[in-house]
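Chain and residue survey
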Amino acid sequence: MRFLIISLLFYSTFLSAQTHTYQIELFDKIIGTTIVERIEKGNGEVEYKLNSKSDVNILFTHKTASMVFDITYKDGKLFSSYCKNVKDGITEVTTIASEGTQYIIKKGEDVFRSTQPIDFSAIQLYFVEPKGRSKIFSERLGKLCDFVNTAAGEYECKLANGVKNIYRYKHGMLYELEMSKGASVFMRLMP
């Protein structure tokens, strides 16, 4: 009986979590991985986690990047978010906390408030095709970004720093993310 209870608990936990692993490629060479998880916690709470690491030598330069996201939704709305982005030793942290009818967004030393309800954000792009959405909230940037449907299953987002992100979906599943600024870095879903 005890084994049955433990097995059922394990099985129900397994059913309530999704994990996707993407390999990061530059010039057809694997330079890192990204793992994203969606965990149903119960009582209307969903947790999303992202861990990404890459490093590459380009000409005479060593480039590194890592990201850690821990994001919680409650009852279909963003509740809290922690995003840490480290690029070549420079760390950027953005946190978001729901406080009543507004969000407190801290990006580095800057703090601002938003009353715009957030029911869909960038982390969800790994699990759901954003059909019919023209703006997506970026947890890392702490703001809404324009999102354009450019072809069937393909969406484009141009960032202020000149990076163009192209999200590609098959059967509603993100299978490839192309990040382009001069050269393209690809994240491809691993089988």
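Here's what I pulled together on the structure shown here.

1. A few points about the overall build of the protein
- Looking only at helices and strands, the protein features one helix and 15 strands.
- Oriented by its inertia axes, the alpha-carbon framework of the protein measures out at about 60 × 40 × 35 Å.
- Relative to its 191 residues, the protein shows a buried fraction of 38%.
- The contacts in the protein between residues at least 6 apart in sequence include a share of 31% that link residues at least 24 apart.

2. Topic: the environment of isoleucine 118
- The topology assignment puts isoleucine 118 in the loop between strand 8 (110-114) and strand 9 (135-138).
- Residue classification places isoleucine 118 among the buried residues on the basis of a relative accessible area of 4%.
- As a C-alpha pair, isoleucine 118 and tyrosine 169 span 51 residues in sequence and 23 Å in three-dimensional space.
- When neighbours within four sequence positions are excluded, isoleucine 118 is seen to be in contact with Tyr73, Gly76, Lys77, Leu78, Tyr103 and Phe137.

3. A short note on the pairing of strand 9
- Relative to strand 10 (residues 143-146), strand 9 is paired through four bridges, and the arrangement is antiparallel. By the bridge assignment, phenylalanine 137 is partnered in strand 10 with leucine 144.
- Counted between consecutive antiparallel strands, the loop separating strand 9 from strand 10 contains four residues, among which glycine 142 sits at a positive phi close to 75 degrees.

4. A few points about the nonpolar core
- Membership of the largest hydrophobic core comes to 38 residues, with the highest contact counts inside it found for Leu78, Leu125, Tyr126 and Tyr167.
- Sort the elements by how many residues they give to this core and strand 3 (residues 45-58) lands first, with four residues.
- The contact partners of leucine 125, leaving out residues within four places of it in the chain, are Phe120, Pro130, Ile136, Phe147, Tyr167, Tyr169 and Leu174.

5. Structural notes on the pairing of strand 1 (residues 17-26)
- Sheet topology places strand 1 next to strand 2 (residues 29-42); ten bridges connect them, and they run antiparallel. Among the inter-strand pairings, threonine 19 is bridged to a residue of strand 2, identified as glutamate 37.
- Connecting strand 1 to the antiparallel partner strand 2 that follows it, the hairpin turn spans two residues, and phenylalanine 27 within it adopts a positive phi of roughly 50 degrees.

6. Remarks on the side chain of serine 121
- Within the element layout of this structure, serine 121 appears in the loop between strand 8 and strand 9.
- Not counting residues within four places of it along the chain, the set of residues in contact with serine 121 comprises Tyr73, Ile136, Phe137 and Glu139.

7. Focus on the pattern of salt bridges
- Following the criterion strictly, the structure yields 14 salt bridges and no others.
- For arginine 188, the salt bridge goes to glutamate 25, with nearest N and O atoms at 2.4 Å. Taken together, the residues arginine 188 in strand 15 (residues 183-189) and glutamate 25 in strand 1 connect sequence positions 163 residues apart.
- Overall, the relative accessible area of 24% leaves arginine 188 in the partly exposed class.
- Of the residues examined, glutamate 25 reaches a relative accessible area of 9% and is grouped as buried.
- Note that arginine 38 and glutamate 40 form a salt bridge whose closest N and O atoms lie 2.7 Å from each other.

8. Comments concerning unusual backbone geometry
- Even without glycine at this site, asparagine 43 takes up a positive phi of about 55 degrees.
- Assignment of secondary structure puts asparagine 43 in the loop between strand 2 and strand 3.
- Of note in this structure, leucine 59 is not a glycine but carries a positive phi near 55 degrees.
- In this fold, leucine 59 is placed in the loop between strand 3 and strand 4 (61-74).

How each quantity is defined
Residues numbered from 1 in each chain as written. Predicted model: local features only at pLDDT ≥ 70, side-chain atom pairs only at ≥ 80, totals over all residues. Heavy atoms only, no water. Helix = DSSP H or I, 4+ residues; strand = E, 2+ residues; numbered from the N terminus. Buried < 20%, exposed > 50% of the residue type's maximum accessible area, 1.4 Å probe, protein only. Contact = heavy atoms within 4.5 Å. Pairing = 2+ DSSP bridges. Core = buried A, V, L, I, M, F, W, Y, C linked by side-chain atoms within 4.5 Å. Salt bridge = Lys/Arg side-chain N within 4 Å of Asp/Glu carboxyl O.

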